Amino acid sequence: MKIGVVGLGLIGGSIFKDLKNLGYEVVGVSKSQKGENIYRDYDVLKTCNMVFVCSAMNKTLEILDCLENFLTPETVVTDVCSLKGFVCNKRRSYRFVPSHPMAGTEHKGFENSFEGLFNGAKWVITPVFGESNELVDIIQKLGAQPVITTPEKHDEAVALISHMPMVVAQAIFKTAQDNDLAMEIAASGFRDMTRLAMSNEEMANDMVQMNSENIQTSILKLYKSIGDLTSSNYLEQIIDIKSNRQLRF
């Protein structure tokens, strides 16, 4: 099987490195990255059986459109965007199966990509145009666990566990940054709470702009949870939260 990877940032670069290590014939397409089996033109994808589109969300639709000029109807194509609704509005001339690996770091770029990024991770698939056993097989070989759902449910869920926490992390840092003493004595708790504030700027902006309604709803739910915690039996509630977290993670 020949597999193409468009966009070699953190996610695309990690997929590229993992697939090479697994023995697949892999080609990358990148405007900025150079190296063995990395090209600048989509022509190299014509003979691929599968293509991962790992570009920024604001560029993904343009790339998916462009690939229709190069790929056969049998080629399996997936994206890795952290939103799924906006890529599911158009049927493609190839076998498009939208997906989203729930993995990453606060860093960006090929230089920060690495083998094993997806080990133990969930990888969401929203097969609105049909399923692909081949994609599921590759995801599992990358060490991830496929989770099937709808685009709507996915976008609501990631607002709660990824997009809203990123905004909150940025808000926490913004709130504290002008207090010199707070910045001087801040330690591991503050560092851990604000790690997501270091997220890729382009990706963060895309998330907020494109999933704003779900993020706003999530922030309102967070505000209610904070109110419930501070106005009720706090100790009882945090014991319940800790117990629930231990069961799930």
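Here, every reference points to the structure presented above.
Residues numbered from 1 in each chain as written. Predicted model: local features only at pLDDT ≥ 70, side-chain atom pairs only at ≥ 80, totals over all residues. Heavy atoms only, no water.

Draft legend 1. Representation of the pairing of strand β9 (residues 145-148) within the structure. Pairing geometry for strand β8 (residues 122-125) and β9, over four bridges, is parallel. The residue of β9 that forms the bridge with I125 is I148. Handedness of the crossover joining β8 and β9 through helix α3 (residues 133-141) is recorded here as right-handed. (Pairing = 2+ DSSP bridges. Helix = DSSP H or I, 4+ residues; strand = E, 2+ residues; numbered from the N terminus. Right-handed = clockwise from strand over helix to strand, strands pointing away.)

Draft legend 2. Focus on the nonpolar core. By size, the foremost hydrophobic cluster in this structure holds 27 residues, and its most contacted members are I15, L19, F52, F118, W123 and I138. Tallying contributions element by element places helix α1 (residues 10-21) first for this core, with five residues. Those residues in contact with I15, other than ones at most four positions away along the chain, are V5, F52, C54, V80, F118 and W123. Residues V29, Y42, L45 and Y94 belong to the second largest nonpolar core, which totals 26 residues. (Core = buried A, V, L, I, M, F, W, Y, C linked by side-chain atoms within 4.5 Å. Buried < 20%, exposed > 50% of the residue type's maximum accessible area, 1.4 Å probe, protein only. Contact = heavy atoms within 4.5 Å.)

Draft legend 3. Just the packing of aromatic side chains, in detail. Taken as a whole and assessed by the stated rule, the structure comprises six aromatic pairs. Seen in terms of ring centroids, F173 and F190 are 6.0 Å apart; in terms of plane orientation they differ by 35°. Their pairing is tilted. You can see F173 sitting in helix α4 (residues 151-176) and its partner F190 sitting in helix α6 (residues 188-193), a full 17 residues away along the chain. The class for F173 is partly exposed, based on a relative accessible area of 33%. Taken together, the ring pairs in this structure connect F52, F118 and W123 into an aromatic cluster. It is K17 that lies over the ring of F110; its NZ or CZ is 4.4 Å from the centre. (Phe/Tyr/Trp six-rings, centres within 6.5 Å; stacked < 30°, edge-to-face > 60°. Lys NZ or Arg CZ within 6 Å of the ring centre and 35° of its normal.)

Draft legend 4. Spatial organisation of α3. Residues of α3 that are buried: L135, I138 and I139. One side of α3 holds all its buried residues, which, seen down the axis, span an arc of 100°. Buried positions along α3 lie against β1 (2-6), α1, β4 (50-53), β5 (76-79), β8 and β9. Among the residues trailing α3, G143 stands out with phi positive, at a value near 95°. (Arc of directions from axis to C-beta.)

Draft legend 5. Quick look at the sheet that holds β9. Read across the sheet, three strands follow the order β7-β8-β9 without closing on themselves; strand pairing throughout is mixed. In the strand order of this sheet, the two ends are held by β7 (99-101) and β9, each with one partner. On average, adjacent strands in this sheet sit at an angle of 25° to one another, irrespective of strand direction. (Axes fitted to C-alpha atoms, helices over the stretch in contact; angles between N-to-C directions.)

Draft legend 6. Spatial organisation of the packing of helix α2 (residues 57-67) against helix α7 (residues 201-210). At a minimum axis distance of 8 Å, the contact between α2 and α7 shows a crossing angle of 85°. Between α2 and α7, the angle is such that the two are roughly perpendicular. Residues M57, N58 and K59 of α2 pack against E202, M203, D206, M207 and M210 of α7. Partitioned by chemical class, the residues of the contact of α2 with α7 number four nonpolar, one polar and three charged. (Parallel < 35°, antiparallel > 145°, perpendicular 65-115°, else oblique. Nonpolar A, V, L, I, M, F, W, Y, C, P; charged D, E, K, R; others polar.)

Draft legend 7. Region of the structure containing the sheet that holds strand β2 (residues 25-29). Judged by pairing direction, the sheet is parallel, and its six strands sit side by side in the order β3-β2-β1-β4-β5-β6 without closing on themselves. Both outer strands of the open sheet, β3 (38-39) and β6 (95-96), are each paired with one neighbouring strand and no more. Bridging between β5 and β6 involves two bridges; their strand directions are parallel. Within β6, the residue paired with V76 across the bridge is R95. The strands that α1 touches are β1, β2, β3 and β4; relative to β2, the one it contacts most, it runs at about 160°.

Draft legend 8. Here's a closer look at the environment of R195. Its place among the elements puts R195 in the loop between α6 and α7. Taking the C-alpha atoms as reference, R195 lies 8.5 Å from M166; in sequence the two are 29 residues apart. The contacts of R195, once residues within four sequence positions are left out, are T105 and E106. One polar contact links R195 to E106, side chain to side chain, over a distance of 3.0 Å. (Polar contact = N/O pair within 3.5 Å; in protein donor to acceptor, adjacent residues only side chain to side chain.)

Draft legend 9. Expanded view of the side chain of K2. Looking at where K2 falls in the secondary structure, it is placed in strand β1. For the buried K2, no salt bridge exists, and the shortest N-O distance to an oppositely charged side chain is 4.3 Å, to E25. Here T47 takes part through its side chain, which lies 2.7 Å from a polar atom of the side chain of K2. (Lys, Arg positive; Asp, Glu negative; His and termini not counted. Salt bridge = Lys/Arg side-chain N within 4 Å of Asp/Glu carboxyl O.)

Draft legend 10. Looking closely at α4. Taking 1.5 Å of rise per residue, 26 residues should cover 38 Å, and α4 covers 36 Å from first to last C-alpha, within 8% of that figure. The largest bend in α4 amounts to roughly 55° and is located at A159. Taken together, the buried positions of α4 are occupied by P151, H154, D155, V158, A159, H163, M164, M166, A169 and A176. Turning to α4, the residues buried within the fold contact β7, β8, α5 (180-185), α6, α7 and α8 (212-231). (Expected span 1.5 Å × (residues − 1). Bend = angle between axes of the 7 residues up to and from the residue.)

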